Amino acid sequence: MEQEVPQAEPQADLVQDRPRVAGWEWAVLAVLMLGGLLSWARYYMSFEMPNPDFFGMVDMAQAIFGLHLPSTLKRMPGYPFALGLLGMIIPADRTMVSVSMLLGLACSAESRLGLFLLSKRVVGRAALIPVIALLGTPMFSLMATQTMLEAFMGLLILLTFWLSSRGSQLAYVAAAWATLCRQECAILVPLVWALNLSEQ
């Protein structure tokens, strides 16, 4: 009597299934992103003087890419590194100010996409509600149109949790980069570790 060879069971995916996004949700999200960018475009370069913290960021960026010590160590290197990196590839008369503005607008738009994808995993069909709430927040619009690091840091925080929800170890990279923007973000590293531990 022949013994039946047991078939190997399919391995369970370590990464959760990608939540299904309806076509109308993509359409609404696109309208929200485009509307936000158009409303923020009115305030592009609307200030006479950048945020005071900006000059310390520029000094740190020049120190990083000039391979010398900055004049002050008050600023963390995460955001200045991104400024300097983009400053080398984006030509502009006011390079660092323009780069900071463009980076803020791009990160704010991407934050809405990241928040939608993360919310889709958490609240499902109601994923657009947090995006609309974020877009209607005055502080969010302010950070998107100023030479500040908050838009960039906020995107890194969302990216950390989104990557963690997919089981990606790159979540630690995003958390570390966010920590290099503000030391308070160091809490993200143990949070990601705890989330990964809870899913095992």
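About the cut-offs
Residues numbered from 1 in each chain as written. Predicted model: local features only at pLDDT ≥ 70, side-chain atom pairs only at ≥ 80, totals over all residues. Heavy atoms only, no water. 1 Å grid on protein atoms, 1.4 Å probe; cavity = no way out; pocket = protein on both sides within 12 Å on 5 of 7 lines; lining within 4 Å. Points joined across faces, edges and corners; volume = space filled by probe spheres on them. Helix = DSSP H or I, 4+ residues; strand = E, 2+ residues; numbered from the N terminus. Nonpolar A, V, L, I, M, F, W, Y, C, P; charged D, E, K, R; others polar. Core = buried A, V, L, I, M, F, W, Y, C linked by side-chain atoms within 4.5 Å. Buried < 20%, exposed > 50% of the residue type's maximum accessible area, 1.4 Å probe, protein only. Phe/Tyr/Trp six-rings, centres within 6.5 Å; stacked < 30°, edge-to-face > 60°. Expected span 1.5 Å × (residues − 1). Contact = heavy atoms within 4.5 Å. Salt bridge = Lys/Arg side-chain N within 4 Å of Asp/Glu carboxyl O.

Draft legend 1. Inspection of the layout of surface pockets at higher detail. If you add up the space inside the largest pocket, you get close to 240 Å³. As for the largest pocket, its lining consists of 15 residues, of which D53, M57, R75, L149 and R182 are closest to the centre. For the lining of the largest pocket, the element with the highest residue contribution is helix 2 (residues 53-66), accounting for 3 residues. Looking at the lining of the largest pocket residue by residue, the classes come out as 7 nonpolar, 3 polar and 5 charged.

Draft legend 2. Structural view of the nonpolar core. By size, the foremost hydrophobic cluster in this structure holds 22 residues, and its most contacted members are F54, Y79, L83, M96, L103, F152 and C181. Those elements giving two or more residues to this core turn out to be helix 2, helix 3 (78-87), helix 4 (95-123), helix 7 (150-165) and helix 8 (170-179). Element by element, the count of residues in this core is highest for helix 4, at 5 residues.

Draft legend 3. Looking closely at the packing of aromatic side chains. In this structure the tally under the stated criterion is 6 aromatic pairs. Seen from their ring centres, Y79 and F152 are 5.9 Å apart, and the 55° between their planes marks the pair as tilted. Within this pair, whereas Y79 is found in helix 3, its partner F152 is found in helix 7, the two being separated by 73 residues in sequence. Neither Y79 nor F152 differs from the other in exposure class; each is buried. Here the aromatic rings of F81 and W177 are separated by 6.2 Å at their centres, their planes lie at 65°, and the arrangement is edge-to-face. Of this pair, F81 sits in helix 3 while W177 is found in helix 8, placing the two residues 96 residues apart along the sequence.

Draft legend 4. View of unusual backbone geometry. Even without being glycine, L67 reaches a positive phi, approximately 55°. Mapped onto the secondary structure, L67 falls in the loop between helix 2 and helix 3.

Draft legend 5. Main features of helix 2. The end-to-end C-alpha separation of helix 2 is 20 Å, in line with the 20 Å expected for 14 residues at 1.5 Å each. If you follow the buried residues of helix 2, they end up packed against helix 3 and helix 4. Of the residues flanking the end of helix 2, it is L67, one or two places downstream, whose phi is positive at about 55°.

Draft legend 6. How the structure looks around the pattern of salt bridges. Scanning the entire structure with this criterion turns up 3 salt bridges. Among the ionic pairs, E25 bridges to K120, the shortest N-O distance being 2.7 Å. One end of the pair, E25, is in helix 1 (residues 23-41); the other, K120, is in helix 4, and 95 residues separate them in sequence. Residue E150 is joined to R182 by a salt bridge in which the shortest nitrogen-to-oxygen separation is 2.8 Å. Of this pair, E150 sits in helix 7 while R182 sits in the loop between helix 8 and helix 9 (188-199), placing them 32 residues apart in sequence. The exposure class assigned to R182 is partly exposed, which follows from its relative accessible area of 30%.

These figures capture arrangement, not role.
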